[in-house]
Amino acid sequence: MFATSRTTKLLLHVANLTVIFFILLPVAAVFIGSIQSEKALQADTRRLLPLEFTLDNFTVILTKGEQKGRIFEQVTYLPDNIKSFYTAFANSAIVAVSVTVLTLLFGSLSAYTIARQRFRWTLFLLQANIVARFVPVIVLMIPLYIVMRSFGQLNSLSGVIIAETGFLLPYAILILAPYFDTIPADLEEAARIDGCTRFGAFIKIVLPLATPALAACGVIIFIISWHELLIPLILNARPDFMTLPVVIASLVGDVHVFFNLMMAICLLALAPTVILVALLQKYIVEGLAAGAVKG
Amino acid sequence: MPWFRREMRASHFAFFMNVPTLLCLGLVLAYPVVYAAYLSVHRVGLAQLRRGEFPFNGWENYGRVLEDPLFWVALKNTLVFTAITVSSEIVLAVLIALLINQTSVWTSRLTRFLILLPYAIPPIANGLIWAFLYSFQFGFLNRILFTAGLISDPVNWAGNPNTALYAVAVPYIWRTLPFAIILVHAALQGIPRELYEQASIDGANAWHRFRHITLPMLRQIIAIILILRTAFAFAVFEEILAITQGGPGDATWVAAWYSYKITFAPPNNFGMGSASAYILALMIGAIALVYMRFIYRRVTL
């Protein structure tokens, strides 16, 4: 597209390296922070790379505080939330998987009808979803807290799953609807002439064709759910039901928790979604573009 | 024939397909939105929650929010934060999308591979990582600048009231930029190459081609990013919680943080919290309507 002289090429390399530096800066920080001790961090406040490496931060988290290693030998206080890492990880996984499955299920039913059945109210439903996507969690939090409180759904995973499913459903519909719209209707009509019901044609013909869109939508919803803080933070105060973001948030402002330990738990919490993004990049890119533009 | 084999009327079919969605949206979105409006005109504190009775108090909650100087500080900070993040994101997204579009440059291919990484980081973890980066005593950022010889004394990035809002804006931009870049990059693929070839024959230089072909063709996607990112930046929360908790002083109190603190920190004024959240929601709602009108002018799905 552009004439690539040597100077332009050099400038492009410099620009790319700047961007890469900016992208990797926090990743390097969380990595380097998590593999050293607070002592090493304090010993020299100007040194870039640590004097010594240690995996003690991970050991103490992954053994629920039982194996303290050298760093934490003399430490008497460890926040309980650090010790419940496995529970939090499992909670996060249960919530994210359930929310993804429910959202895909309900979302594909809706998105298909919105794309195929043109009634005034399905159009209205699409418009409602577009507006609903903008509703900030903070507005829903207060009434959701009171509603869930009166239903006895505080401190349970089901409350969080219901809330997140409802909250993410509009976005899923916006990602899926344009894709269903691109699938030719002839296929279903042929199937229906052969005696398939509308629902049968949807399940047997349309859904298999929509696998790429379902994958794109599913991975995006999983990531958002894995990252969601406010909903579980407000609905679940008991350690048994905390998700990873809530555990991380509970360490904020705890002056007794070292930065190194925080970086270690952050690294463990961000690993699953980083792996997902690395593996499924193509789908995420398509899903993000579909959900924003064609809605 | 059993009932599930019989053919349904199209309108019935459409309705049944949407029952789960309608239930979910009703329970989690519509009802709470209406209920929040109800709460915002009632006195709701911990005592009232325990008793289960919310006395009506008219516009009192709204009045108290609008009289609270902290609310106006939070609103001003939110506007400044939104202006900084959205404008920088649009400029950066266009530049970086053009950069990763240079597929013949190997570093561009590397950038393109890495571009989605921030999207994978949980917002609260992102906040905490940047809190570590900014740390006055042990911070990674100061270490880098010391090593590069750019500063001689440590800088208190997030602890200085003059720089704190920028200090939380940078992590937010870092985390949300991939979304904007991907949209711009996708739009770039839709520009016909012939336009550039024709312009080159006519003697247009790179800047002219950008100014008269690329930029006009990106206008729509830039408008979409502008609207979406403005609405979401209005409700920024996690980075504030992790890095500054609204401080120092009130330098980074933003609207969502205000509603959160009023409601969930003692004295737990749920009514006033709802009122302030509603003011925020109405502003975002206005943005959402603009977005819908905009989308509909172009696409009829």
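Think of each chain on its own: its residues are numbered from 1, step by step along the sequence as written. As a convention, the first chain written is A and the first ligand written is 1, with the rest following in written order. Local features in this predicted model are restricted to residues whose pLDDT is 70 or higher, and side-chain atom pairs enter the listing and the counts only when it is 80 or higher, whereas totals over whole chains, interfaces and linings include all residues.

A. Spatial organisation of the overall build of chain B. To qualify as a helix, a DSSP run of H or I must reach at least 4 residues; to qualify as a strand, a run of E must reach at least 2; elements of each kind are numbered from the N terminus. Of the regular secondary structure elements, chain B holds 14 helices and zero strands. Secondary structure elements of chain B, listed N to C terminal, follow the sequence α-α-α-α-α-α-α-α-α-α-α-α-α-α. Since a compact globule built from 301 residues should have a radius of gyration of about 19 Å, the 24 Å found for chain B marks it as more spread out than a globular shape. Between the buried cut of 20 or more and the exposed cut of 12 or fewer other C-beta atoms within 10 Å of a residue's own C-beta lies the partly exposed class, and all C-beta atoms are placed from the backbone. Taking all 301 residues of chain B together, 45% fall into the buried category. We compute the radius of gyration over the C-alpha atoms and compare it with the globule rule, which gives 2.2 Å times the number of residues raised to the power 0.38.

B. The overall build of chain A, seen in detail. For chain A, the count of helices and strands is 14 helices and zero strands. Going residue by residue from the N terminus, the α and β elements of chain A occur as α-α-α-α-α-α-α-α-α-α-α-α-α-α. On C-alpha atoms alone, chain A measures out to a radius of gyration of 24 Å, which is more than a quarter above the 19 Å that the 2.2 N^0.38 rule sets for 295 residues. Overall, chain A is about 75 × 70 × 35 Å in size when its C-alpha atoms are taken along their principal axes. Taking all 295 residues of chain A together, the buried fraction comes to 50%. A residue pair is marked as a contact if its C-beta atoms, positioned from the backbone, fall within 7 Å. Restricting the contact set of chain A to residue pairs at least 6 apart, pairs at least 24 apart contribute 72%.

C. Examining the confidence of the model for chain B more closely. All names here are of chain B. Summing up the model confidence of chain B, the mean pLDDT is 88 and the portion of residues at 70 or higher is 96%. The least confident element of chain B, judged by mean pLDDT, is helix H14 (residues 270-298) at 83; the most confident is helix H5 (residues 69-100) at 94. The ipTM value of the predicted complex is 0.90, and its pTM value is 0.91. Think of pLDDT as the predictor's per-residue confidence, scored from 0 to 100.

D. Looking closely at the nonpolar core. Counting residues in hydrophobic clusters, the biggest one holds 194 residues, and the most contacted among them are Ile138(A), Ile248(A), Ile265(A), Cys266(A) and Leu183(B). The leading source of residues in this core is helix H14 (residues 259-293) of chain A, at 18 residues. If we ignore the near neighbours within four places in the chain, the residues touching Ile265(A) are Ile61(A), Ile82(A), Phe85(A) and Ile248(A). Note on terminology: a nonpolar core is any set of buried Ala, Val, Leu, Ile, Met, Phe, Trp, Tyr and Cys residues joined through C-beta atoms within 7 Å.

E. Spotlight on the environment of Asp153(B). All names here are of chain B. The residue Asp153 is located in the loop between helix H8 (140-147) and helix H9 (164-189) in this model. Residue Asp153 is classed as exposed on the basis of its 7 C-beta neighbours within 10 Å. Distance in space between the C-alpha atoms of Asp153 and Asn142 is 8.6 Å, their sequence separation being eleven residues.

F. Region of interest: helix H13 (residues 244-251) of chain A. Residue and element names in this part refer to chain A. Burial analysis of H13 places seven of its eight residues in the buried class, which makes it a mostly covered element. Looking at H13, one finds that the buried residues are Leu244, Pro245, Val246, Val247, Ile248, Ala249 and Leu251. Positive backbone phi, approximately 80°, marks Gly253, located one or two places after H13.

G. Highlighting the interface of chain B and chain A. Taken residue by residue, the interface counts 91 residues in chain B and 89 residues in chain A. Examining the composition of the side of chain B that touches chain A, we find that 13 residues originate from one element, H14(B), more than from any other. The residue inventory of the side of chain B that touches chain A, partitioned by class, reads 69 nonpolar, 18 polar and four charged. Polar here means any residue other than Ala, Val, Leu, Ile, Met, Phe, Trp, Tyr, Cys and Pro, which are nonpolar, and Asp, Glu, Lys and Arg, which are charged; Gly is therefore polar.

H. Highlighting unusual backbone geometry. With an omega of 5°, the peptide bond running from Pro266(B) to Pro267(B) counts as cis. Tracing the backbone through its elements, the reader meets Pro267(B) in the loop between helix H13 (255-264) and H14.

I. Broad picture of the environment of Arg209(B). Residue and element names in this part refer to chain B. With respect to the helices, strands and loops of the structure, Arg209 is situated in helix H11 (residues 206-233). What makes Arg209 partly exposed here is the crowd of 18 C-beta atoms within 10 Å. Measuring from C-alpha to C-alpha, the distance between Arg209 and Glu197 comes to 9.8 Å, with twelve residues separating the pair along the chain. In this structure Arg209 touches Tyr196, Ala199, Ala204 and Thr214, once residues within four positions along its chain are discounted.

J. Broad picture of the environment of Asn81(A). Residues and elements named next belong to chain A. Tracing the backbone shows Asn81 in helix H4 (residues 80-83). Note on Asn81: 20 C-beta atoms within 10 Å, which makes it buried. Remark: the alpha-carbon pair of Asn81 and Leu109, spanning 28 residues in sequence, is separated by 39 Å. Sequence-distant contacts of Asn81, defined by excluding residues within four places in its chain, comprise Pro239, Met242, Val247, Ser250 and Leu251.

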